[in-house]
Amino acid sequence: MAYDDTTFRRPGDETTETDPAAYRRRVQYDDTVGDTLDQSLRSPVTTTGAIPAVTDDGRDRLGIHLGWEVMLLVAAGVLGFLLNREDAAALQRPALDALLVTGAAIGLLTLGAGLTLRAGVPNLALGPIALAAAFQYAENGDEGVAKALVPALIIAAAGALLVAALVVVLHVPGWAATLAAGFGVIVYIQMRPAPVVVQGDWDPTGKAFLFFGGFALLAVLGGAIGAIGPIRRFVGRMRPVGDPARRRGVAAAVPAVFALIISSLFAVGAGVLFATQADGPIQPDTGLEWTGIALGLALLAGTSAYGRRGGIFGTLFAVTALTLFLEYSDRLDLQIALFAIAAAVFTAGLVVTRFVESFGAPYQPAAGEEWNAAASNGTAWSPTLPETWNSPATPAPRSDRWG
């Protein structure tokens, strides 16, 4: 007796399958095509070994940032009202000038922190650099602002370039490399056995509105430029994607290097402004409390701790609110430690980061499976029969061979 081999034959072995829907279903569910429904969804393989830093091409939703920035503005307004009610002279000149200079110094640190956060290389040495610059100005301020400031800027830029080279060549986390650099700066600070009295007599309060206005312009302009999709993605190419230990390539290294250098220069400027506003000698310390405040304010302003994402007006409003709070606490003699303020601001900033990452990402509707309900020209799928097998053929009548 003979078997009908059509019972065990797969469809399409002898004839070409003409139904696109049936063919797509067979390819998608065949166990030989892999672990994805559509092979075109697999990430492309690059020949250089670098992986892309971002996987989405959509524009980040700014609604969450704008809504949060309105709340920051309201908080700053409330603090300003409380300060004015406590002491109206605090918001009038000459006290207002000193307040604006302090706000500009805090703002420069926050700008540096926000820039490095967006670039994916958070600079944890901002506070120690600012304190070291304050010591540099306190010791050499009597020789002029330029002679005291230029060496500090050169040393800070050279150190930042060295750290950036370490980050780029070895591809180690930016926070780890900058923390090591911060420890080295702290050693330089604590080599001084006693506080240093400020030698210079330069008073920046005469240009207080210019300093604070410059910070405000940089903050808003930087946020607006960072909202542009291609620029945002270029700056944030160091954002961890996939395996964070894999190199991102030269294109990702360029913004990281510039971010570390510019943030260090901002920290030097902030340290000089702090020194000019100091009520007494500059005390040897770590400066890490200002690192916490700067990074915390950047996070609170809406900059993501993962990098790349950020708002427009958040930095300006957050710095204004904290500056008013510090002045208000001094008027009330609350004596709140800067480390406590840094911890509170940083914790609140982490909560804001979660909201930014959850609601600020581009909207991407879930892509469902494509099903075609049209009638198939060939063998259609049935829930009661496997699609890869034909129905048994009816055997043809056979003649009696035994006669």
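What counts and what doesn't
Residues numbered from 1 in each chain as written. Predicted model: local features only at pLDDT ≥ 70, side-chain atom pairs only at ≥ 80, totals over all residues. Heavy atoms only, no water. Helix = DSSP H or I, 4+ residues; strand = E, 2+ residues; numbered from the N terminus. Contact = heavy atoms within 4.5 Å. Areas by Shrake-Rupley, 256 points an atom, 1.4 Å probe, with all protein chains shown as cover. Buried < 20%, exposed > 50% of the residue type's maximum accessible area, 1.4 Å probe, protein only. Expected span 1.5 Å × (residues − 1). Polar contact = N/O pair within 3.5 Å; in protein donor to acceptor, adjacent residues only side chain to side chain. pLDDT = per-residue confidence, 0-100. Salt bridge = Lys/Arg side-chain N within 4 Å of Asp/Glu carboxyl O. Core = buried A, V, L, I, M, F, W, Y, C linked by side-chain atoms within 4.5 Å. 1 Å grid on protein atoms, 1.4 Å probe; cavity = no way out; pocket = protein on both sides within 12 Å on 5 of 7 lines; lining within 4 Å. Points joined across faces, edges and corners; volume = space filled by probe spheres on them. Nonpolar A, V, L, I, M, F, W, Y, C, P; charged D, E, K, R; others polar. Axes fitted to C-alpha atoms, helices over the stretch in contact; angles between N-to-C directions. Parallel < 35°, antiparallel > 145°, perpendicular 65-115°, else oblique. Left-handed = near helix turned anticlockwise from the far one by under 90°. Patch = residues over 30% accessible without salt bridge, like charges linked within 9 Å, V, L, I, M, F, W, Y side chains within 5 Å.

### Focus: the overall build of the protein chain
In terms of helices and strands, the protein chain carries twelve helices and zero strands. For the protein chain, the N- to C-terminal ordering of α and β elements is α-α-α-α-α-α-α-α-α-α-α-α. Considering only contacts in the protein chain between residues 6 or more positions apart, those separated by 24 or more positions represent 84%. For the protein chain, the computed accessible surface area is about 22,200 Å², with 65% contributed by carbon and sulfur atoms.

### Brief notes about unusual backbone geometry
With an omega of 10 degrees, the peptide bond between R93 and P94 qualifies as cis. Along the polypeptide, P94 turns up in the loop between α2 (63-86) and α3 (95-118). Within the chain, H171 stands out as a residue other than glycine whose phi angle is a positive 50 degrees. Judged by its relative accessible area of 14%, H171 falls in the buried class. The phi torsion at D333 lies on the positive side, around 60 degrees, for a residue other than glycine.

### Some remarks on helix α5 (residues 145-170)
Helix length check: α5 (26 residues) gives 37 Å between terminal C-alpha atoms against 38 Å at 1.5 Å per residue, within 8%. Taken together, the buried positions of α5 are occupied by A148, A152, A156, A160, V163, A164 and V167. Immediately beyond the C-terminal end of α5, within one or two residues, lies H171, with a positive phi of roughly 50 degrees.

### A few points about the side chain of S304
If you trace the backbone, S304 turns up in the loop between α10 (288-300) and α11 (314-332). Within the local environment of S304, its side chain forms a polar contact with the backbone nitrogen of Y306, the two atoms lying 3.1 Å apart.

### A few points about the confidence of the model for the protein chain
Confidence along the protein chain averages 77 in pLDDT terms, with 69% of residues attaining 70 or more. Per-element confidence in the protein chain is highest for α10, whose mean pLDDT is 94, and lowest for helix α1 (residues 20-29), whose mean pLDDT is 49. The low-confidence segment residues 1-9 (pLDDT under 50) makes eleven contacts with residues lying over four places distant or belonging to another chain. Counting contacts from residues 27-58, a segment whose pLDDT is below 50, to residues more than four positions away or on other chains yields 44 contacts.

### Section: the pattern of salt bridges
One pass over the structure, following the stated rule, counts four salt bridges. With a shortest N-O distance of 2.7 Å, E139 and R192 are connected by a salt bridge. Taken together, the residues E139 in helix α4 (residues 126-140) and R192 in the loop between α6 (174-190) and α7 (208-226) connect sequence positions 53 residues apart. Exposure remark for R192: the relative accessible area of 14% places this residue in the buried category.

### What to know about the nonpolar core
Soluble globular proteins: nonpolar side chains tend toward being buried together. Residues I106, L109, F215, I282, L297 and L322 are the most contacted members of the largest nonpolar core, which totals 70 residues. Sorting elements by how many residues they give to this core places α3 first, with twelve residues. When neighbours within four sequence positions are excluded, L109 is seen to be in contact with L126, A130, A267, A270, F274, W290 and A294. Membership of the second largest hydrophobic core comes to twelve residues, among which are V121, A160, V257 and A259.

### A word on the environment of T320
In this fold, T320 is placed in helix α11. As for T320 and L99, which are separated by 221 residues in sequence, their C-alpha atoms are 9.9 Å apart. Not counting chain neighbours up to four residues away, the residues in contact with T320 comprise A76 and F212.

### Quick look at the layout of surface pockets
The volume enclosed by the largest pocket comes to roughly 1,100 Å³. Around the largest pocket sit 36 residues that line it, and F274, Q277, A278, W290 and L338 are the ones nearest its centre. Elements represented by at least two residues in the lining of the largest pocket include exactly α3, α4, α9 (250-276), α10, α11 and α12 (338-359). Broken down by element, the residue count for the lining of the largest pocket peaks at six residues, all from α11. When grouped by side-chain class, the residues that make up the lining of the largest pocket number 20 nonpolar, nine polar and seven charged. Lining the second largest pocket are 29 residues, and of these L115, R118, L218, G222 and G223 lie nearest its centre. The greatest single-element share of the lining of the second largest pocket, amounting to six residues, is contributed by α7. Its residues assigned to classes, the lining of the second largest pocket comprises 16 nonpolar, nine polar and four charged.

### What about the packing of α3 against α10?
At a minimum axis distance of 8 Å, the contact between α3 and α10 shows a crossing angle of 65 degrees. Between α3 and α10, the crossing angle belongs to the class labelled roughly perpendicular. The way α3 lies across α10 gives a crossing that is right-handed. Contacts from I106, L109, T110, A113, G114 and L117 of α3 reach α10 at W290, A294, L295, L297, A298 and L299. Its residues assigned to classes, the contact of α3 with α10 shows ten nonpolar, two polar and no charged.

### Focus: a nonpolar patch on the surface
A cluster of nonpolar residues, L217, L221, I225, I228 and I231, forms a patch on the protein surface that exposes about 430 Å² of accessible area. Considering every element that reaches the nonpolar patch, the biggest residue donor is α7, with three residues.

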